[in-house]
Amino acid sequence: MLDPSAASAVFADLREEGRDLDSLVAELPAPAWAKPTPAPRWTVAHQIAHLHWTDRAALLSLTDAPGFARMAEEAVKAPDSFVDEGAEQGAALPPAELLSRWRDGRAALDAALAAAAPDARFPWYGPPMKAASMASARLMETWAHGQDVADALGVRRTPTARLRHVARIGVRARDYAFGVRGLPAPAAAFRVELEPPEGAEPWAYGPPDAAQRVTGPALDFCLLVTRRAHRADLALTASGPDADRWLDIAQAFAGPAGPGRAPGTAR
């Protein structure tokens, strides 16, 4: 069983990540919501609408399993378009209304996460998740789409220790990244050592004596596994052929990887 204080810390980090992104868009004039982001055809409004849509899905998972099942059935009917359709619907709203709905959805999800039984597993588009894991996944997506918004607005964000959630998901998703591309997963574990943004001890994953390793700044690793920057623009080092291949295909999220960012486009 996860320590309740650890789960509470994850929930608090998710709240803070949402507040950080909220601060980027709260005072935007309406025309700025139409600014294009690095995601093809998505504006700032599309990014916030997508986060609102997925927060709503998470809330249904936690509080209304039949309602979530119906939502998932609709996704199965349109696997190539349901994400874009959800974003389009929200982006069509007036910015003030979209912002209000996103804030209300975040608050409702926060309350549902806190009320969830810590060892219960809740349905999702992939394997069922516990509430703390769902919060980590929501934080990862909030941070990643927040990067798209920041890039669109020309804002350089200060990385925080909350990136540890993104990094952990990226490490744990190693085999998925290979499998989703039809590649066999490496047999041996990797060692991943990341320099945290606040100068603390390195974040380390995997056996210390692993032959294959990845090292570098935690921010760069998180940008890589969320596909918000091309490997060529990041200060990550791989030792070993499988680790080197991983840095070409790593992703922390389920579903198709998409084209990712082109080299030379990272801020």
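Refer to the structure above for everything that follows.
Thresholds applied
Just so you know, the residues in each chain are numbered from 1, in the order the chain's sequence is written. Predicted model: local features are reported for residues with pLDDT of at least 70 only, side-chain atom pairs are reported and counted for 80 or more only, and whole-chain, interface and lining totals are derived from all residues. Note: side-chain values were computed over all heavy atoms of the structure, leaving out hydrogens and water. Here, any two strands with at least 2 DSSP bridges between them count as paired. The way it works is that DSSP assigns letters per residue, a run of H or I at least four long becomes a helix, a run of E at least two long becomes a strand, and they are numbered from the N terminus. Salt bridges are counted wherever a side-chain nitrogen of Lys or Arg sits within 4 Å of a carboxyl oxygen of Asp or Glu. Burial status follows relative accessibility: with a 1.4 Å probe on protein chains alone, a residue under 20% of its type maximum counts as buried, one over 50% as exposed, and anything between as partly exposed. Where helices are involved, their axes are fitted lines through C-alpha atoms of the stretch in contact, as for all axes, and angles between N-to-C directions lie from 0 to 180°. Put simply, angles under 35 degrees are roughly parallel, angles over 145 are roughly antiparallel, angles from 65 to 115 are roughly perpendicular, and the rest are oblique. Every residue pair with non-hydrogen atoms within 4.5 Å of one another is taken to be in contact. Only Asp, Glu, Lys and Arg are considered charged in this grouping, and only Ala, Val, Leu, Ile, Met, Phe, Trp, Tyr, Cys and Pro are considered nonpolar; every other residue, Gly among them, is considered polar. Pairs were defined over the aromatic rings of Phe, Tyr and Trp, the Trp ring being its six-membered one, requiring ring centres within 6.5 Å. Orientation was assigned from the angle between planes: stacked under 30 degrees, edge-to-face over 60, tilted for the rest. Definition used: whenever NZ (Lys) or CZ (Arg) falls within 6 Å of the ring centre and also within 35 degrees of the ring normal, the charge is taken to sit over that ring. Here a crossing is called left-handed whenever its near helix is offset anticlockwise from the far helix by less than a right angle, and right-handed whenever the offset is clockwise.

1. Quick look at the pairing of strand 3 (residues 213-217)
Both faces of the sheet carry side chains from a regular strand, because those side chains alternate between them.
(1) Moving on: Of the pairings in the sheet, the one linking strand 1 (residues 191-195) to strand 3 comprises five bridges and is parallel in character. Bridged to R191 within strand 3 is R213.
(2) Moving on: In terms of strand pairing, strand 3 meets strand 4 (residues 237-239) through three bridges, oriented antiparallel. Residue pairing across strands places V214 opposite A238, the latter belonging to strand 4.

2. A short note on the pattern of salt bridges
(1) Moving on: Following the criterion strictly, the structure yields 20 salt bridges and no others.
(2) Moving on: E16 serves as the salt-bridge partner of R19, at 2.9 Å between the closest nitrogen and oxygen. Here R19 pairs with E16, and both are found in helix 1 (residues 4-25), just three residues apart, close to one helical turn.
(3) Moving on: For R19, a relative accessible area of 45% puts it in the partly exposed group.
(4) Moving on: A salt bridge links R191 to E193, with the nearest nitrogen and oxygen atoms 3.0 Å apart.
(5) Moving on: What you see here is one network of salt bridges that share partners, running through D148, D151, R228 and R261.

3. Quick word on the packing of helix 2 (residues 44-63) against helix 3 (residues 65-77)
(1) Moving on: With their axes 6 Å apart at the nearest point, helix 2 and helix 3 run at an angle of 135° to one another. Between helix 2 and helix 3, the crossing angle belongs to the class labelled oblique. Contacts between helix 2 and helix 3 pair W53, R56, A57, L60, S61 and T63 from the former with A65, G67, F68 and M71 from the latter.
(2) Moving on: Split by residue class, the contact of helix 2 with helix 3 holds six nonpolar, three polar and one charged.

4. Some details on the packing of aromatic side chains
(1) Moving on: One pass over the full model with this rule turns up eight aromatic pairs.
(2) Moving on: Here F68 and W124 contribute two aromatic rings whose centre-to-centre distance is 5.6 Å and whose plane-to-plane angle is 15°, an arrangement assigned as stacked. Here W124 lies in the loop between helix 5 (95-115) and helix 6 (131-153) and F68 lies in helix 3, a separation of 56 residues in the sequence.
(3) Moving on: Take F68: its relative accessible area is 3%, and that puts it in the buried class.
(4) Moving on: An aromatic cluster is built from W53, F68, F82, W124 and Y125, whose rings are joined through pairwise contacts.
(5) Moving on: Between the NZ or CZ atom of R106 and the centre of the ring of W102, over which it lies, the distance is 4.2 Å.

5. Describing unusual backbone geometry
(1) Moving on: Even without a glycine there, the phi angle at R41 is positive, about 70°.
(2) Moving on: Of note, R41 is situated in the loop between helix 1 and helix 2.
(3) Moving on: Residue class for R41 comes out exposed when judged on its relative accessible area of 69%.

6. Some thoughts on the packing of helix 1 against helix 6
(1) Moving on: At a minimum axis separation of 9 Å, helix 1 and helix 6 run at an interaxial angle of 20°. As judged from the angle between their axes, helix 1 and helix 6 are roughly parallel. Where helix 1 crosses over helix 6, the handedness of that crossing is left-handed. Residues A7, V10, F11, D13, L14, E17, G18, L21, L24 and V25 of helix 1 pack against A131, A132, A135, S136, R138, L139, T142, W143, G146, V149, A150 and L153 of helix 6.
(2) Moving on: Here the residues of the contact of helix 1 with helix 6 are counted per class, giving 15 nonpolar, four polar and three charged.

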